[in-house]
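In case you want the letters, here they are:
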Amino acid sequence: MNSKQMELNEVEVWDGNTCNAQALRQASVDVVAAYPITPSTNTVENYATFHANGYVDGEFIMVESEHAAMSACVGAAAAGGRVATATSSQGCALMVEVLYQCSGMRLPAVLCLVNRALAAPLNVNGDHSDMYLTRDAGWIQLDSFNAQNAYDLTLMAFKIGEHMDVRLPVISNQDGFLTSHTAQTVRPLKDEVAYNFIGDYVPVNAMLDFSKPVTHGVQTEHDWHFEHKAKQHAALQAAFPVVEEVFKEFKELTGREYNIVETHNLEGADVAIICLGTTYETATIAADELKEEGIKAAVVSPRLFRPFPLTQLAQKLQNVKAIACMDRSAPGGTVGALYNEVAGALINTEARPVMRNLIYGLGGRDITVHELKDIFRDLAKDAENGKITGKIQRLHGVRGPELSFYEL
Amino acid sequence: MSNQKVIKNLKTFSTAAERFEGSHVLCPGCAHSIIVREVLNATNDNLVVGASTGCLEVCTAIYPHTSWDCSWIHIGFENGSTAIAGAEAMNKALRKKGRISPDTPEPKFVAFGGDGATYDIGFQWISGCFERGHDMMYVCLDNEVYANTGGQRSSSTPIGASTTTAPAGSTSYGEKRNKKDMLQIMAAHGSPYVAQVAPNKWKDMVKKIQKGFATKGPVFINAMSACTTEWKFQPHETIEASDLAVDSLVFPLYEIVDGTELNITYRPKNIVPVRDYLAFQPRFKHLFKPENEYLIDEWQKRVDKYWEYLQRREEARV
Ligand SMILES: Cc1ncc(C[n+]2csc(CCOP(=O)(O)OP(=O)(O)O)c2C)c(N)n1
Ligand code: SF4
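Cut-offs and rules
Residues numbered from 1 in each chain as written. Chains lettered and ligands numbered in written order. Predicted model: local features only at pLDDT ≥ 70, side-chain atom pairs only at ≥ 80, totals over all residues. Heavy atoms only, no water. Helix = DSSP H or I, 4+ residues; strand = E, 2+ residues; numbered from the N terminus. Rg over C-alpha atoms; globule rule 2.2 N^0.38 Å. Contact = heavy atoms within 4.5 Å. Areas by Shrake-Rupley, 256 points an atom, 1.4 Å probe, with all protein chains shown as cover. Buried < 20%, exposed > 50% of the residue type's maximum accessible area, 1.4 Å probe, protein only. Salt bridge = Lys/Arg side-chain N within 4 Å of Asp/Glu carboxyl O. Near = heavy atom within 4 Å. Nonpolar A, V, L, I, M, F, W, Y, C, P; charged D, E, K, R; others polar. Polar contact = N/O pair within 3.5 Å; in protein donor to acceptor, adjacent residues only side chain to side chain. Pairing = 2+ DSSP bridges. Axes fitted to C-alpha atoms, helices over the stretch in contact; angles between N-to-C directions. Buried area = accessible area lost by both parts, 1.4 Å probe. Parallel < 35°, antiparallel > 145°, perpendicular 65-115°, else oblique. Left-handed = near helix turned anticlockwise from the far one by under 90°.

You'll find chain B entered in an unreviewed UniProt entry as Pyruvate ferredoxin oxidoreductase, with Halarcobacter anaerophilus given as the organism.

By the naming in an unreviewed UniProt entry, chain A is 2-ketoisovalerate ferredoxin oxidoreductase, taken from Halarcobacter anaerophilus.

**Q** How should I be thinking about the overall build of chain A in this particular structure?
**A** Looking only at helices and strands, chain A has twelve helices and 17 strands in total. Here the C-alpha atoms of chain A give a radius of gyration of 21 Å, agreeing with the 22 Å that 2.2 N^0.38 yields for 408 residues. Considered along the principal axes of its C-alpha atoms, chain A spans approximately 70 × 55 × 45 Å. Taking the intrachain contacts of chain A between residues at least 6 apart in sequence as the baseline, contacts between residues at least 24 apart amount to 80%. A total accessible area of about 15,500 Å² is found for chain A, and carbon and sulfur atoms account for 51% of it.

**Q** How do you make sense of helix α11 (residues 337–346) of chain A when you look at a structure like this?
**A** Residues lying three or four places apart along an α-helix face the same way, a consequence of the helix completing one turn every 3.6 residues. Of all ten residues in α11 of chain A, seven are buried, a share of seventy percent or more. For α11 of chain A, the complete set of buried residues consists of A337, L338, Y339, E341, V342, A345 and L346 of chain A.

**Q** Help me understand the pattern of salt bridges in this model?
**A** Once the charged atoms of two side chains with opposite charge are near each other, the side chains can pair. According to the stated counting rule, one finds 37 salt bridges over all chains in the structure shown. One salt bridge in this structure joins K97 of chain B and D30 of chain A, with 2.9 Å as the shortest N-O distance. On the criterion of chain membership, the pair formed by K97 of chain B in the loop between α4 (80–96) and β3 (108–114) and D30 of chain A in the loop between α1 (16–26) and β2 (31–34) is interchain, its members lying in two chains. Assessed through its relative accessible area of 1%, D30 of chain A is described here as buried. Through salt bridges with shared partners, a single network forms among D30 and D57 of chain A together with K97 and R99 of chain B.

**Q** Explanation requested: the site of ligand 2 in the structure shown.
**A** Neighbouring ligand 2 are the residues L26, C27, C30, H32, C55, N143, A147, C227, T228 and T229 of chain B. Along the lines of polarity and charge, the residues of the shell around ligand 2 split into six nonpolar, four polar and no charged.

**Q** I'm lost on the side chain of S248 of chain B in this one. Help?
**A** In this fold, S248 of chain B is placed in the loop between α10 (238–247) and β9 (254–257). At 2.7 Å, the side chain of S248 of chain B forms a polar contact with the backbone oxygen of L244 of chain B.

**Q** So what exactly am I meant to see when it comes to the sheet that holds strand β14 (residues 322–327) of chain A here?
**A** For sheets, the rule is that strands pair by backbone hydrogen bonds, running either parallel or antiparallel. Residues and elements named next belong to chain A. What the seven strands build is an open sheet, ordered β10-β12-β11-β14-β15-β16-β17; its pairing is mixed. Here the strands that pair on one side only, and so sit at the sheet edges, are β10 (261–264) and β17 (405–406). Bridge count for β14 against strand β15 (residues 354–359) is six bridges, and the pairing is parallel. Looking across to β15, one finds that C325 is bridged to N357. Against the sheet, helix α9 (residues 279–289) contacts β10, β11 (271–274) and β12 (297–302), and its axis sits at roughly 165 degrees relative to β12. Sheet strands touched by helix α12 (residues 369–385): β11, β12, β14, β15 and β16 (393–395). Its angle to β11, the strand with the most contacts, is close to 135 degrees.

**Q** Quick question: what am I supposed to make of the site of ligand 1 here?
**A** Every one of the 18 residues lining ligand 1 counts as a neighbour, but H32, C55, G116, A117 and A147 of chain B are closest to it. Taken together, the residues near ligand 1 originate from chains A and B. The contact in question runs from an oxygen atom of ligand 1 to an N or O atom on the side chain of D115 of chain B, over 3.4 Å. Taking A117 of chain B, its main chain carries an N or O atom lying 2.9 Å from an oxygen atom of ligand 1. Isolated, ligand 1 exposes 590 Å² of accessible area, and the fraction of that covered by the protein chains is 76%. With four residues, the single largest contributor to the shell around ligand 1 is helix α5 (residues 115–121) of chain B. Each residue belonging to the shell around ligand 1 can be placed in one class, and the counts come to seven nonpolar, eight polar and three charged.

**Q** Explain the interface of chain A and chain B here, please?
**A** How large an interface is tends to be reported as the accessible area lost when its parts come together. Contacts between chain A and chain B engage 45 residues on the former and 42 residues on the latter. Of the roughly 3,300 Å² buried between chain A and chain B on both sides combined, carbon and sulfur atoms contribute 60%. The interface formed by chain A and chain B holds six salt bridges in total. Between E59 of chain A and K92 of chain B there is a salt bridge; the shortest N-O distance is 3.9 Å. At the surface where chain A touches chain B, the tally comes to 20 residue pairs in polar contact (both at pLDDT 80 or more). Residue contributions to the side of chain A that touches chain B peak at nine residues, all from helix α3 (residues 66–79) of chain A.

**Q** Looking at this structure, how should I read the packing of α3 of chain A against α4 of chain B?
**A** When two helices pack together, you describe them by how their axes are tilted relative to each other and by the distance separating the axes. In the contact formed by α3 of chain A and α4 of chain B, the axes pass within 6 Å of each other and the chain directions differ by 50 degrees. As summarised for this structure, α3 of chain A and α4 of chain B are arranged oblique, according to the angle between their axes. The interaxial crossing formed by α3 of chain A with α4 of chain B has right-handed handedness. Contacts from A68, S71, A72, G75, A76 and A79 of chain A in α3 of chain A reach T82, A83, G86, A87 and M90 of chain B in α4 of chain B. Tallied by class, the residues present in the contact of α3 of chain A with α4 of chain B amount to seven nonpolar, four polar and no charged.

Laid out in structure tokens, this is it:
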């Protein structure tokens, strides 16, 4: 990197958006194209300040929409350099078309997705609707529980997506407001160390390499489309060992451990909550506190939402008797996606734990340690009886009992 | 214009190394291919080309084949301009960072889009690119219809044309609105150079393309692209249809430099009546029914008025 370096303290107090911006700066991204939307706006504002003060030396373009942001990223990535953007909610929805095009062209962009509800009704607060919306777009998806994770995972996103076995774009998810706007202590890497960890960008089929003309974004028919999609799927599967390798290297560098499936108190647990984002940490407190009551409670969270770690999860959940899959997105007429996927992981295994689906926290509604303890207690009853004591799905914390329980 | 070819005649022009080659499946007689060849042959510089979804794109890059012997990208229907803007930004970034050496000649960035991609769905993206001032050329292949999806109207479709979504029928004469004046709109964006071209007037076209390539900033070219399939003439009649368009002044050839200097670049010796232009194309067949003929007169008046307007602007240097 040849831009001005920034002197950072060993411990900084950063919110999640600052973490994103700092990670993009340290990755020395060549082109950042962006459009503002709450709660991810501060990522690009911070980045703009770095740009204005010479701390980044690439191109920063404020485009006229999120669709254009991702379109510019795709063109720039195909030209042969590192690209990134940030968005949330409606912006993510507007990008979706291009997200598919980016992954289909095997271009390793990084998208900092600060998770927020999708309208209508309009709501600027955090839930996982946008993360779910993009789940089949062919992007690798990493999930963070706090600001430190957001910083670490956004850095690692570059290394994972740009790996020669993968060459796919990566979304680095964090919870809107809960992470993006909450100041937390973060231990950043030194600029040089961070950049060297990620490494230089190695272009593949670069449009700016005129010795080898390349055609990007072809048309296929039935004769080839399936094979392209199969290769894309294979590249997503190939991300598992790469993610593991990158997590390992990161641990050696920082001492911070990341796992494809994160678990808390899983050893000997009877019941488990499976969730994403900040809820993980809240649930770990609940699980710890329940030890006194003799409830053996665990928390499990896939760090990788895509590719989804089906086998790893199945293996980890073999001895758990009752599970609550927590989905922070409107169910849209079925069980939540996380429930669906975990059920998919377990259906062919010996263990067939009782599984509840909890839809919670929509539009930024909080979930407390207290509530999570109650959920664990319900699970303990399920585990004891070997069957669900209530209904399969509950809209946790919704007003009006008639809205709360669903038989499905 | 250091790297641009010296083009004296058709022979020097056509012996240039081709960067748009065979293996495409555009209809026989499609003007898109003629225009693209003329644009690419006008320069020796390295090219980064983008295409929006449409006939050109679906017919020239069908895996595992490609017609493009240059860097090429297609993303979607609306964002061909922004793809090229992104590539242009990357070129700048990599030069700034020293990853492309300053001795490497600057490439040219070109985006092609149909009139649907340009006048309608991609308008916002093009507007954004022009406002940001990317150093690129946008070429609209204006066949006045959504050809690739089978002939629906666009906001470039002229009044009275029969299309699949604005068909002429017992109570309709087809398209009800006038074609959007895209050139003026793009000039109003502050574009340093905009021009209208037609493939039959190839010398005029090559000159404008070279002028465009020599201009820093976003350049807009509106190229009349006769479509044998949707305008419904015979494949060997493409140039005749184009001649009628420019000689009737339905599609006048002119340029606007810096939004303030308008030059008419072609003045037909014998101006052909609009009626002849319309009569050549079965998409206007129904206009010759007695109840619709008034539209032909109105059309002629409109064309006359616009020609006068262009001449006055040229004279006044505005
Ligand atoms: C977002 C989106 N909407 C619609 C389409 C369908 N579509 C593909 S090409 C096309 C028409 C292209 O027309 P035009 O831009 O005029 O180019 P032409 O085919 O006439 O050269 C349409 C409607 C699409 N690909 N993407
Ligand atoms: S339909 Fe028209 S524009 Fe499309 S390939 Fe055929 S002639 Fe060309």
